[in-house]
Amino acid sequence: MIYPKRTRTRDLFELNGIWDFARELEPGDFANGFIPEKQVAVPSSYNDLFTEEEFRSWDRGVWYQRTFTMPKMLKDERIVLRFNSVSYRGEAFLNGTRLGEHETGYTPFEFDITDLVDFEKDNRLCVRVENILSTDTVPMGNLCNDPEPGQFAGQYPDTPFDFFPYAGIQRPVMIYTTSKKAWLDSVVVTTQNDGTVKVTGKVAGAAAKAVFQCLETTVESAVVDGTFEASFKIDDVKLWDVWEPNLYEVAICIQNDAGEALDEYAQRFGVREIKVEGNRILLNGKPVYFQGFGRHEDFPIIGKGLNHSVNIRDHELLKWINANSYRTTHYPYSEELIQLCDEQGILIISEAPAVSINFEFVTERTLEAHLKVLGELIERDRNYPSVVMWSVANEATTNRPESIPYFKALSELVRSMDSTRPVTMITCKAEEDMVMEFFDVVGVNLYPGWYHLPGQVKEAKEDLRDTLEKMYAKFKKPILITEFGADTIPGLHSLPAEQWSEEYQTELILGLIEVMRDLDYVVGEHIWNFADFRTAQNFCRVGGNKKGAFTRDRQPKMVCHFLKKLWAEPRYK
Ligand code: GCB
C-alpha cells in the first residue's frame, strides 16, 4: 500500500465532512442505509462531539453513512476506497455489498471497489465502527477482573491505560484511481549516507518496466514477477537531519512494452543513517541526545481526529522549546503527521498501539493482532526518514516469563522487515524486565516523585539514580527515559514546591534531568507529557491527565521556560 496522491495517472478525492451517524441499539439492516440519530464529522472521534453520556462512552457498534457521486470520466479506471484509520474495528459496505473489515485502528486499509461503484447514480457508503477492547485486541481492554489493582483499576471506560479510548473514523477517507492495466502497489526506498539509493517495490497488473528519475539521474528496472529493483547515486548528497530536513523525490513510472506510462507516482525520501554504537545513538555518525516528549493525538472536541492546525501548533511549540523528538505514544499517529515530521526535521520513535499488554490475560489472538499491526505500521512508515526507531510496545508485564517468547516474536518481525532502524520496547519494570535482550535501546518509564516518593524531590533523584544504575548493570545498553513527570494544575503555585503546583513540576523535572545527564549511558529525556490530555474517569485524574508541559489548549506551564533554556544547549558538544 502506498500513500494516495493525485498524479498524472491517478485521481484522488476525499470523503471527509459531515456523515450520518447512528448507534446500533439493536441488530438491523444498517448496511443498506439507516435513519440517522445524529450528524458526525469525519475525520474526528465521535465521543466528545455529543452532549449525552450514552453516546460519548458507547463502544458497541455505531454506523456512519454518506453518499458520493463518481465522475463519468473515471469510468475506465480502477477505483480504490481507502480509510486512513478507523478505531478500533471498521467494516465497510458499498451499495449494500460488504467490502471487508479491518481491526487494530491506527493503520490504513483499502478496498478495490471498481466493480461495485455506480456511475449512473449516487453510491451509498456505510461503515460499521466498533470499539470493544478485550483480551484479544491490541491494546487490550475490559479486563474487569484485573488482579493487579493499579491506578487504572475500576476506571470508566474499562481500559488498562489512562488516555480516553476515543473511537470513530478518526482520519481521512479517500477514493483514488489508477489505471486498470497496471499500478504501483508498494515501494521501499533505502539509502546510504554516501548518496546510494535503492528502490524496490511491487507492481500489480501487466507491466514491463519501471523507470525512476531523481534529480538528473534516470534508471530503469524490468518488472519481473511483479517486482522491481533499481539503484542510483546522488552526488554531493545533503543529509536529512534534526530541524534540517533535506528531502529528495524519486519519480516512478510504470510502463508497458510499448513504453506507455501506466502509472506515475513520486516517492519522497531523506538520506540519513541511524544506529546504536556502545552507549550512544548515532544520527549520521554523530551522537544524538533525545530531548522531547511522549505525546498524544488529543484535542478538545475532536479527540483523536486528524487536525492539521493542532499538528502545526504542536510542532511550532516543539521548535520553540528546542525539543528534537517525540514518541508516538501509544499508537501509530496519522501518516500526514509523520510526513510533517519529515518536512520539518523532527525525530520520531514510532510505537505500535500495544499499551499495557498484561500477560495474565494474553491469548494467541493478542500476539496475532500485535504482529499484524506492527507489520502494518512498518510497511506504512518505513520510507519516512523522521521515523528513527520502532517501539514495539509500552509497559507490558515484562517481568513475567510468558513475555519472553512474545517479545522475541515481535523483535524478529521488525528485524525481518527493517534492518535500518534500532528497535526499542518501553518498560515499566525497571531491572525486573525480562525481554530487553531483544532490543537495541532500553526505553523506561519512571515516576519517582509522583507515584512513589510524592513531594520528595531529593529522594526521587536518589531513587532514579539507583534504578538506572541497576538497569544499566543488567542490560548494558543505552537507556532512554521515555516518561517521567508530575501532574500539574496551571496557575497553582506553592513554596516550598508541593505536588500539583507549577513549582513542583519544574523542580522535579529539572532535578531528575540532572541525574540523567550525570549518567553517560542515558541517551535521552522524554517528559510525560507534551500536553494535558483527556482520560477515562478515575479517582486519580481530575479533568484528565495533567502531566503536560503545555496545557490541553497548548499554552506553556512554568516548566517550559526552563526546558527551553536547558535544551538550547546541545547535550553532546
Ligand atoms: C505511564 C503510561 C502513560 C500514563 C502515565 C501516567 O506510565 O505509559 O500512558 O499516562 O504513566 O501519567 O500515569
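**Some remarks on the pairing of strand E16 (residues 217-222)**
Of the pairings in the sheet, the one linking strand E15 (residues 209-214) to E16 comprises six bridges and is antiparallel in character. Bridged to Gln 213 within E16 is Thr 218. Turn length for the E15-E16 hairpin, with the two strands adjacent in sequence and antiparallel, is two residues, and the turn residue Leu 215 shows positive phi of about 50°.

**Digging into the nonpolar core**
Core analysis: the largest hydrophobic core is formed by 134 residues, its most contacted members being Phe 293, Val 392, Phe 407 and Leu 468. For this core, the element with the most residues is helix H7 (residues 502-518), which contributes seven residues. Phe 21, Phe 50, Val 62 and Val 173 belong to the second largest nonpolar core, which has 33 residues in total.

**Examining the pairing of strand E26 (residues 387-394)**
With respect to burial, E26 is a largely interior element, eight of its eight residues being buried. In the sheet, strand E25 (residues 347-351) pairs with E26 via four bridges, with the strands oriented parallel. Residue pairing for E26: Ile 348 is matched across the bridge by Val 387. Remark: the E25/helix H4 (residues 364-381)/E26 crossover connection has right-handed handedness. Where the polypeptide runs from E26 across helix H5 (residues 403-417) and back to strand E27 (residues 423-427), its parallel neighbour, the crossover connection is right-handed.

**Some points on helix H2 (residues 308-320)**
With 13 residues, H2 ought to run about 18 Å at 1.5 Å a step, and its terminal C-alpha atoms sit 18 Å apart, in line with that. On its buried face, H2 is in contact with strand E23 (290-294), strand E24 (325-327) and helix H3 (335-344). A distance of 2.9 Å separates the backbone nitrogen of Ser 309 from a side-chain oxygen at the start of H2, and that oxygen is part of Asn 307. Asn 322, located one to two residues past H2, shows a positive phi value of around 70°.

**Examining the site of the ligand**
As a matter of local geometry, the ligand sits amid 14 residues, with His 330, Glu 395, Tyr 451, Glu 483 and Lys 547 nearest to it. At a separation of 2.4 Å, an oxygen atom of the ligand approaches a polar side-chain atom of Glu 395. A distance of 3.0 Å separates an oxygen atom of the ligand from a polar atom in the side chain of Trp 528. In isolation the ligand exposes 320 Å². Once the protein is present, 96% of that is buried.

**So, helix H8 (residues 558-566)**
Counting along an α-helix, one turn takes 3.6 residues, and residues three or four places apart therefore face a common direction. The complete set of buried residues in H8 reads Val 559, Cys 560 and Leu 563. When H8 is viewed along its axis, its buried side chains cluster within an angular range of 100° and face the same direction. Tucked into the core, H8 has its buried residues touching H2, H7 and strand E30 (522-528).

**A closer look at the sheet that holds strand E17 (residues 227-233)**
In space, the three strands of this open sheet follow the order E13-E14-E17, with antiparallel pairing throughout. The sheet is open, and its two edges are formed by strand E13 (182-191) and E17, each paired on a single side. Geometrically, the sheet is characterised by an average inter-axis angle of 20° between neighbouring strands, direction not taken into account. Relative to strand E14 (residues 196-205), E13 runs antiparallel, the two being bridged by nine bridges. By the bridge assignment for E14, Trp 183 is matched with Ala 204.

**Points about unusual backbone geometry**
Here the residue pair Val 138 and Pro 139 is connected by a cis peptide bond, since its omega of 5° sits within 30 degrees of zero. Along the chain, Pro 139 falls in the loop between strand E10 (123-130) and strand E11 (168-169). Looking along the chain, the bond that leaves Tyr 156 and enters Pro 157 is cis, with omega of -10°. Tracing the backbone shows Pro 157 in the loop between E10 and E11. One non-glycine residue, Leu 215, adopts positive backbone phi at about 50°.

**Observations regarding the packing of aromatic side chains**
How two aromatic rings sit relative to each other is given by the distance of their centres and the angle of their planes. What the rule picks out here adds up to 34 aromatic pairs. With centroids separated by 6.2 Å and ring planes inclined at 75°, the aromatic side chains of Trp 19 and Tyr 64 adopt a geometry described as edge-to-face. Taken together, the residues span a long stretch of sequence, with Trp 19 in strand E2 (residues 17-23) and Tyr 64 in strand E4 (residues 62-68) at a distance of 45 residues. For the pair Trp 19 and Tyr 64, a shared accessibility class is recorded, and that class is buried. Where Phe 21 meets Phe 55, the ring centres are 6.4 Å apart and the plane angle is 35°; that geometry is what we call tilted. With Phe 21 in strand E2 and Phe 55 in helix H1 (residues 53-56), this residue pair connects regions lying 34 residues apart in the sequence.

Criteria and thresholds
- Residue positions are given per chain, counting from 1 as you read along its sequence in written order.
- With the structure being a predicted model, the display of local features is reserved for residues of pLDDT at least 70 and the display and counting of side-chain atom pairs for 80 or more, all residues being used for whole-chain, interface and lining totals.
- Working from all heavy atoms in the structure, the side-chain values ignore hydrogens and water.
- At least two bridges found by DSSP between two strands are what make those strands a pair.
- The way it works is that DSSP assigns letters per residue, a run of H or I at least four long becomes a helix, a run of E at least two long becomes a strand, and they are numbered from the N terminus.
- The set of buried Ala, Val, Leu, Ile, Met, Phe, Trp, Tyr and Cys residues whose side-chain atoms join them within 4.5 Å is what this entry labels a nonpolar core.
- Whether a residue is buried, partly exposed or exposed follows from its accessible area with a 1.4 Å probe, protein chains only, as a fraction of its type maximum: under 20%, in between, or over 50%, in that order.
- A clockwise course of the path from the first strand over the helix to the second, judged with the strands pointing away from the viewer, identifies a crossover as right-handed.
- A helix's residues, less one, multiplied by 1.5 Å, set its expected span.
- The contact rule is simple, with two residues in contact once any of their heavy atoms fall within 4.5 Å.
- Whenever a nitrogen or oxygen atom comes within 3.5 Å of another N or O atom, the pair is scored as a polar contact, on the condition that within protein one atom can donate a hydrogen and the other can accept it, and that pairs from neighbouring residues in sequence are kept only if both atoms are in side chains.
- Proximity is defined per residue: if any heavy atom of the residue lies within 4 Å of a molecule or strand, that residue is considered near it.
- Accessible areas in this description were obtained via Shrake-Rupley with a 1.4 Å probe; residue shielding takes into account the shown protein chains only.
- Note that the arc is computed from the directions linking the helix axis to the C-beta atoms.
- Only the contacting stretch of a helix is used when fitting its axis, a line to C-alpha atoms as for every element, and angles between N-to-C directions run 0 to 180 degrees.
- Between 30 and 60 degrees the pair is tilted, below 30 it is stacked and above 60 it is edge-to-face, where a pair is any two Phe, Tyr or Trp rings, Trp via its six-membered ring, whose centres lie within 6.5 Å.

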